[in-house]
Amino acid sequence: MSGDSLLASKQGSSLSRFFQTKAINHSQGLDSPKNTKFHHLYKFELEHDVKRLKDQLQKETALRSLLLKASDQSHKIELSHTSSLPRSIQELLSSIVTMEATVSLLEEEIMSLHFLLIQERNERKLDEYNLTHSLSPPNATDLVRLSKKKETLRRKDHRSKVPRSLQSCDNANELSKEMIRCMRNIFVSLGETSAGSKSSQEIVPFSPTRKNASSTWWSPSEHSRISKWVQSPRIDIKKNSDVLATESNVFDPYRVQGKLSWADIGSYRSATEVASMSVEEKRLGYASDELWRFRHLVERLARVNPTELSHNEKLAFWINIYNALIMHAYLAYGVPKTDLKLFSLMQKAAYTVGGHSYNAATIEYMTLKMNPPLHRPQIALLLSILKLKVSEEQKQAGISTHEPLVSFALSCGMHSSPAVRIYSAENVGEELEDAQKDYIQASVGVSPRGKLIVSKMLHCFAKNFVDDSKVALWISRHLPPRHAAFVEQCIHRRQRWGFLDSSSNKCGVIPFDSRFRYLFLP
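- For the protein chain, an unreviewed UniProt entry supplies the name Ternary complex factor MIP1 leucine-zipper domain-containing protein and the organism Brassica napus.

Next up, the structure:
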């Protein structure tokens, strides 16, 4: 090996040992106590900053949530929970609360003014109506346009037309029953009537937003889980002709598309249907005698003292009076097109009974103690906004306890309403049970695939007693034995064909139909 090579080898070995020593010293320097203390201090500061940022983020999130609630009218701001917020934010939220209260008061005032406007319009329309047809409201002097000579003849002949029970004394229940008979005769005279006929019926689709009627009764969850070829088979109408109607022209007062009619709808098969009204001079001539007599009956209400009646007497009396008052209001003011207008009319139409004025809204919700109608949410909302008030004596004139079956006795003259019948004090309990049974038998049906179809009114009524999943079985138990057995058979079959959850027991619900129509039972 040459000298240069040996020198280079020694130098490389020296450099290698130098760098190894440097690396060892550097490693020992990092692990020294001084550097370890610095590392822990730096870590503590980082953790402190992270915690501070988390606390700040939590406060910002809470503030954002509170501000979102403040902008949402469905949440009420509690100022006691805002003490930890900055003063400027507290002042802002306090201003929002004050503004919300002011807006709420203004909304109530607008609603009251709206009702006053509707009443003003009704009065103007009534004046125009009186000028055209000479039909006046209950307290007016003339109900129809007749000559003085004919009026005099009526007065002479009147006592022979009023029942003897009313000539001798003011029997409250007999008076109310006679008012229903009289108003029924007026509506039959002025209306296009049909008894047990399809002539005035119109088949209404269950859901206007759906084009395919065959899928009307299936919920979206059922469609997503079950294909068409595993759906329960269609009902064979001919094999079930003892229960279902085999012809499409049978009278079904609550007919809708996609609903199979019963072969026997019970008492409603003999109902007289009035689906439209006419005030032509010729028709008014037919109803003039009854209109004049009805005015006399209304005047006699002032001599009735309802506080002296028993519970059953009050119940029958007020049901009859309510139904007569609604019909009378339609004759005087016309048929309302919306629930808002109907409620305004119910507040306007009134009779004087025993020296006190009772309007239709007061009779239904105060005297008869009916609950707000869940199947008609607009009226329920109006009742929550406008608190009805009556005097102590008027409270004593009402029934003592709530009677749920009254729901099947009161009619507001709409397609989904129950039929009008006459109620007597002696048998009002049994008559109300019959009213429930008859309405259920007439209005309930089944779909072509066996799903129970019920009206919205009946569905809401049943949910006061059972859960939604048990409504179908509850309703089936109020049907005649053959109908009930058929409905339960359909429910079990739907369960066998894949509806193993609670949806197999649920009903198809028909929305409330507010088109004008009266049904009168004999």
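**Focus: the sheet that holds strand β8 (residues 452-455)**
Phase 1: Pairing is mixed across the open sheet formed by 3 strands, whose spatial order is β7-β8-β9. Each of the sheet's edge strands pairs with one partner strand only, and the pair in question is β7 (445-446) and β9 (508-510).
Phase 2: For β7 and β8, the ladder comprises 2 bridges, and the chain directions are antiparallel. Bridging from a neighbouring strand, Val-446 pairs with Leu-452 of β8.

**Some thoughts on helix α14 (residues 428-443)**
Phase 1: The end-to-end C-alpha distance of α14, which contains 16 residues, comes to 22 Å, matching closely the 22 Å that a straight helix rising 1.5 Å per residue would cover.
Phase 2: Along α14, the residues classified as buried are Val-428, Glu-431, Leu-432, Ala-435, Gln-436, Asp-438, Tyr-439, Ile-440, Gln-441, Ala-442 and Ser-443.
Phase 3: The inward-facing, buried residues of α14 abut α9 (311-333), β7, β8, α15 (456-462), α16 (471-476) and α17 (481-496).

**Examining a nonpolar patch on the surface**
Phase 1: A cluster of nonpolar residues, Phe-38, Tyr-42 and Leu-46, forms a patch on the protein surface that exposes about 350 Å² of accessible area.
Phase 2: By the element assignment, Tyr-42 lies in helix α2 (residues 33-71).
Phase 3: By relative accessible area, which is 49% here, Tyr-42 ends up partly exposed.

**A closer look at the packing of aromatic side chains**
Each aromatic ring pair is summarised here by two numbers: the centre-to-centre distance and the angle between the ring planes.
Phase 1: Counted by the stated rule, this structure contains 16 aromatic pairs.
Phase 2: When the centroid spacing of 6.1 Å and the interplanar angle of 50° are considered together, the rings of Tyr-254 and Tyr-268 count as tilted. Taken as a pair, Tyr-254 in the loop between α7 (220-225) and β3 (256-257) and Tyr-268 in the loop between β3 and β4 (272-277) lie far apart in primary sequence, 14 residues in all. Exposure class is identical for Tyr-254 and Tyr-268. Each is buried.
Phase 3: Every member of this aromatic cluster is reached through a ring pair, and the members are Tyr-254, Tyr-268, Phe-408, Tyr-439, Phe-461, Phe-465 and Trp-474.
Phase 4: Against the face of Tyr-254 rests Arg-517, its NZ or CZ located 5.5 Å from the ring centre.

**Topic: the pairing of strand β6 (residues 356-359)**
Each regular strand displays side chains that alternate between the two surfaces of the sheet.
Phase 1: Bridge analysis of strand β5 (residues 350-353) against β6 gives 4 bridges, and the strand direction is antiparallel. Residue Ala-350 lies in a different strand from β6, and its bridge partner there is Asn-359.
Phase 2: The hairpin formed by β5 and β6 contains 2 residues between the paired strands, and Gly-354 there has a positive phi angle of roughly 60°.

**Considering the pattern of salt bridges**
Phase 1: Evaluation of the coordinates by the stated rule reveals 12 salt bridges.
Phase 2: Two residues, Glu-178 and Arg-181, come together in a salt bridge whose shortest N-O distance is 3.0 Å. Highlighted residues: Glu-178 and Arg-181, both in helix α6 (residues 172-190), separated by 3 residues, approximately one helical turn.
Phase 3: A relative accessible area of 8% places Glu-178 in the buried class.
Phase 4: Residues Lys-395 and Glu-392 are paired through a salt bridge, measuring 3.6 Å at the closest nitrogen-oxygen approach. On the criterion of helical spacing, the pair formed by Lys-395 and Glu-392 is a turn pair, its members being 3 residues apart in helix α13 (residues 392-397).
Phase 5: With a relative accessible area of 54%, Glu-392 lands in the exposed category.
Phase 6: Each of Glu-178, Arg-181, Glu-290 and Arg-293 takes part in salt bridges that share partners, so that together they form one network.

Conventions adopted
- Residues numbered from 1 in each chain as written.
- Predicted model: local features only at pLDDT ≥ 70, side-chain atom pairs only at ≥ 80, totals over all residues.
- Heavy atoms only, no water.
- Pairing = 2+ DSSP bridges.
- Helix = DSSP H or I, 4+ residues; strand = E, 2+ residues; numbered from the N terminus.
- Expected span 1.5 Å × (residues − 1).
- Buried < 20%, exposed > 50% of the residue type's maximum accessible area, 1.4 Å probe, protein only.
- Contact = heavy atoms within 4.5 Å.
- Patch = residues over 30% accessible without salt bridge, like charges linked within 9 Å, V, L, I, M, F, W, Y side chains within 5 Å.
- Areas by Shrake-Rupley, 256 points an atom, 1.4 Å probe, with all protein chains shown as cover.
- Salt bridge = Lys/Arg side-chain N within 4 Å of Asp/Glu carboxyl O.
- Phe/Tyr/Trp six-rings, centres within 6.5 Å; stacked < 30°, edge-to-face > 60°.
- Lys NZ or Arg CZ within 6 Å of the ring centre and 35° of its normal.

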